[in-house]
Amino acid sequence: MFSSSSRISDAALACPACNSTNIIMRVDPRRFPPILCLHVSRSETLSYARERKFVMFPQLLSVNGSTRAAGGSNATYQLYAVIVHDKSSKHKYVVYVKNKSSSWVEVICETCRPVSEKLVMAVKANLLFYKRAETR
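Every value quoted in this text rests on a predicted model; they were computed, and no experiment measured them.

## Observations concerning the overall build of the chain
Counting its regular elements, the chain contains one helix and nine strands. For the chain, the N- to C-terminal ordering of α and β elements is β-β-β-β-β-β-β-β-α-β. Counting only residues that meet the buried cut, the chain has 24% of its 136 residues in that class. For the chain, contacts bridging at least 24 residues in sequence account for 52% of all contacts bridging at least 6. Put simply, the chain shows about 10,000 Å² of open surface, and 56% of that area lies on carbon and sulfur atoms.

This is the structure we're talking about:
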């Protein structure tokens, strides 16, 4: 997923000992976290003008382990919360969360109401929260 190396050159990240800016960044977890939070970026540039295009996201997310992560194992995550930021709405943020009975609930300010899974999977998500599935 994010296990490939990226070379970054940034003077602000220079090594204090040798002043080198030759930096290689790689995410290589030793174990999978119980909660996984993913930010959905719709912009190909770093501009502040965000596009409001729909980005499809899965309910079940399988993550392949790297060589260092728990012996190269895999983990499966279940979607349990979605946050939508809508600047055009008077409420700004809408949260969709699964309750204990695995039904989806929409939370806007102090108001909660049940919603369909179909509606949740069609929103323009900004943050996705996944919970690691228990292994049996």
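## Details of the pairing of strand E5 (residues 74-85)
For strand E4 (residues 60-64) and E5, the ladder comprises five bridges, and the chain directions are antiparallel. Bridge assignment links Asn 64 to a residue of E5, and that residue is Asn 74. Note that E5 and strand E9 (residues 127-132) share six bridges and pair antiparallel. If you follow Gln 78 over to E9, its bridge partner there is Lys 131. Pairing analysis gives five bridges linking E5 to strand E6 (residues 93-98), with the strands arranged antiparallel. Residue pairing across strands places Val 84 opposite Val 94, the latter belonging to E6.

## Comments concerning unusual backbone geometry
Positive phi outside glycine occurs at Ser 102, with the angle close to 65°. Here Ser 102 shows up in the loop between E6 and strand E7 (104-108). Notably, Cys 109 is not glycine yet its phi reads approximately 55°, a positive angle. Positionally, Cys 109 belongs in the loop between E7 and strand E8 (111-115).

## Examining the nonpolar core
A general trend in soluble globular proteins is that nonpolar side chains are found buried together. Phe 57, Tyr 77, Leu 79, Val 82, Tyr 96, Leu 128 and Tyr 130 are the most contacted members of the largest nonpolar core, which totals 22 residues. Counting residues per element, the ones that place at least two in this core are strand E3 (35-39), E4, E5, E6 and E9. Counting residues per element, this core draws most heavily on E5, which supplies five residues. In contact with Leu 79, other than residues within four places in its own chain, are Phe 57, Pro 58, Gln 59, Lys 98, Trp 104, Met 121, Leu 128, Phe 129 and Tyr 130.

## Regarding the environment of Val 95
Its place among the elements puts Val 95 in strand E6. C-alpha separation for the pair Val 95 and Val 84, spaced eleven residues apart in sequence, amounts to 6.4 Å. With residues up to four places along the chain from it excluded, the contact list for Val 95 reads Val 82, Ile 83, Val 105, Glu 106 and Val 107.

Conventions we followed
- Residues numbered from 1 in each chain as written.
- Predicted model: local features only at pLDDT ≥ 70, side-chain atom pairs only at ≥ 80, totals over all residues.
- Heavy atoms only, no water.
- Helix = DSSP H or I, 4+ residues; strand = E, 2+ residues; numbered from the N terminus.
- Buried < 20%, exposed > 50% of the residue type's maximum accessible area, 1.4 Å probe, protein only.
- Contact = heavy atoms within 4.5 Å.
- Areas by Shrake-Rupley, 256 points an atom, 1.4 Å probe, with all protein chains shown as cover.
- Pairing = 2+ DSSP bridges.
- Core = buried A, V, L, I, M, F, W, Y, C linked by side-chain atoms within 4.5 Å.

Structural measurements only, silent on function.
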